[in-house]
Amino acid sequence: MVRVRFAPSPTGALHVGGARTALFNWLFARNKKGVFILRIEDSDFQRSTKEAEKTIIEGLSWLGLNWDEGPYRQSERLDVYRKYAEKIVQEGKGYEENGALIFKIPPGETTFNDIVWGEIKIKNETLKDIVMIKSDGTPTYNFAVVIDDHDMGITHVIRGEDHIANTPKQILIYQALGWEVPKFAHLPMILGPDKSKLSKRHGATSVAEYKNMGFLPEAFFNYLALLGWSPGIDREIFSREELIELFSLERVIKRGAVFDIKKLEWMNAQYIKKTPAEKLYDLVLPFWKERGWITSEENIDKEYLIKVIELVKERCKTLVELANFSDYFLQKEPTYDKILVEQEIRGKEKLLSEVSEALEGVNPFSSVNIEDCLKNFAEIKGLKLKDIAQTVRIAISGKKVTPPLFEVMETLGKERVIERIKRWGIV
Ligand code: GLU
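Summary of the structure given here. (Residues numbered from 1 in each chain as written. Predicted model: local features only at pLDDT ≥ 70, side-chain atom pairs only at ≥ 80, totals over all residues. Heavy atoms only, no water.)

## What about the pairing of strand 10 (residues 183–187)?
Across the five residues of strand 10, four count as buried, placing the element largely inside the fold. The parallel pair strand 9 (residues 156–160) and strand 10 is bridged by helix 5 (residues 167–176), and the resulting crossover is right-handed. (Buried < 20%, exposed > 50% of the residue type's maximum accessible area, 1.4 Å probe, protein only. Helix = DSSP H or I, 4+ residues; strand = E, 2+ residues; numbered from the N terminus. Right-handed = clockwise from strand over helix to strand, strands pointing away.)

And the structure:
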């Protein structure tokens, strides 16, 4: 039975790289009907915080990466690490120095066959003896990770490329304890557009930031899955189930994977488009609240808001755009740009008054009826529909560009439309 783990150190946010490691472990476990374990590597008391642990757990939950066992915490297993370190010292494979327990590198060569990188071989003489337990009683990463992976029955260690150099050291400790060595798969680094390691200067790096920028967890999940892995199918959008079905470590791509925000945005737009408005409602609500456009849950006209989402969601890359593009549906008064008003509304006050009068007669206030009414009106006035339409659009939304006007008007409803047009007309 396959058993894998995600083993974050709770010293900061859950970064894109960590999330990708967690995701690949999860996909592999689900594909093999195995077990996915969460282990918090918090033995570095100076740097570990409960807060970081909480953010990491929140990030995993947001992505839907559920674990079958854990979270285990290294801080709860300190006596276990000591026990094995003492055994190693007693057997003459290590020694004590200044209160620390140290593993002695044996002579020879260490080889392993990485699932992604192939054979990796090093001469042991290039390694320094390994501190197992520091003089303050805490274990080091390289030691604790071996004890834990063994105790937890880990069959495959899937983690970032930056740990390749640690692997021979860990293998020597397995061998010293007479334990079976798991298989290793080191994932390629995630790079920025300039091909250097992804970092803050490339933009957002934590999962929480992407959540706050309005990415859907499903889209982020899909995007991360293709970051350094390819199913070999010419398509970009895959459901969770498809990814589970298709995933294999053999198809992990060895070269660094470039994090491309434009592609992520494109993918997010696809997911927003195909997500039902009812579901988007719950996701966009916090963004509306944040902007002060919804202040109390009580007087929410959910049916109206769902229609708004239906109309706006077609053109949005993120939930932030979905919130922002729907401003004039939620605000009592749209925000009007002075210059735009000067250019497009001044001098047309009389026209707008007449339009509002004509619209009074439209029943029911449906997009088809609105269109008929405005077409008629234009004809009678000897004007072009598109000129009237643009003036009306700006009067009711404050914007030059909106979803199809007659649908916007239907959604806003007769009362709001007439009130807004009248505001600019001659009283
Ligand atoms: N705590 C280590 C890290 O966050 C885990 C590495 C491993 O998976 O062995 O990098």
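The rest of the description comes next.
## Quick look at helix 7 (residues 217–225)
The buried count for helix 7 comes to eight of nine residues, which makes it a mostly enclosed element. Among the structural elements, helix 1 (16–31), helix 2 (50–62), helix 6 (207–212), helix 8 (240–246), strand 12 (257–258) and helix 9 (261–274) are those in contact with the buried residues of helix 7. (Contact = heavy atoms within 4.5 Å.)

## Overview of unusual backbone geometry
Along the chain, glycine 70 connects to proline 71 via a cis peptide bond; the corresponding omega equals 0°. Of note, proline 71 is situated in strand 3 (residues 69–73). Residue proline 364 is reached from asparagine 363 by a cis peptide bond, and omega for that bond is -15°. Mapped onto the fold, proline 364 is located in the loop between helix 15 (349–360) and helix 16 (367–381).

## Thoughts on the site of the ligand
All residues in the neighbourhood of the ligand are listed as Arg5, Ala7, Ser9, Glu41, Tyr141, Val145, Arg159 and His163. Note that a nitrogen atom of the ligand is positioned 2.6 Å from one of the side-chain N or O atoms of glutamate 41. Calculation on the ligand without its partners gives an accessible area of 300 Å², and the protein chains cover 80% of this total. (Near = heavy atom within 4 Å. Polar contact = N/O pair within 3.5 Å; in protein donor to acceptor, adjacent residues only side chain to side chain. Areas by Shrake-Rupley, 256 points an atom, 1.4 Å probe, with all protein chains shown as cover.)

## Structural notes on the sheet that holds strand 1 (residues 3–6)
If you walk across this open sheet you meet the three strands as 1-2-3, and the pairing is parallel. The open sheet has two edge strands, strand 1 and strand 3, and neither has a second partner. The sheet shows a mean angle of 25° between the axes of neighbouring strands, taken without regard to direction. As judged from the three bridges shared by strand 2 (residues 35–40) and strand 3, these two strands associate in the parallel manner. (Pairing = 2+ DSSP bridges. Axes fitted to C-alpha atoms, helices over the stretch in contact; angles between N-to-C directions.)

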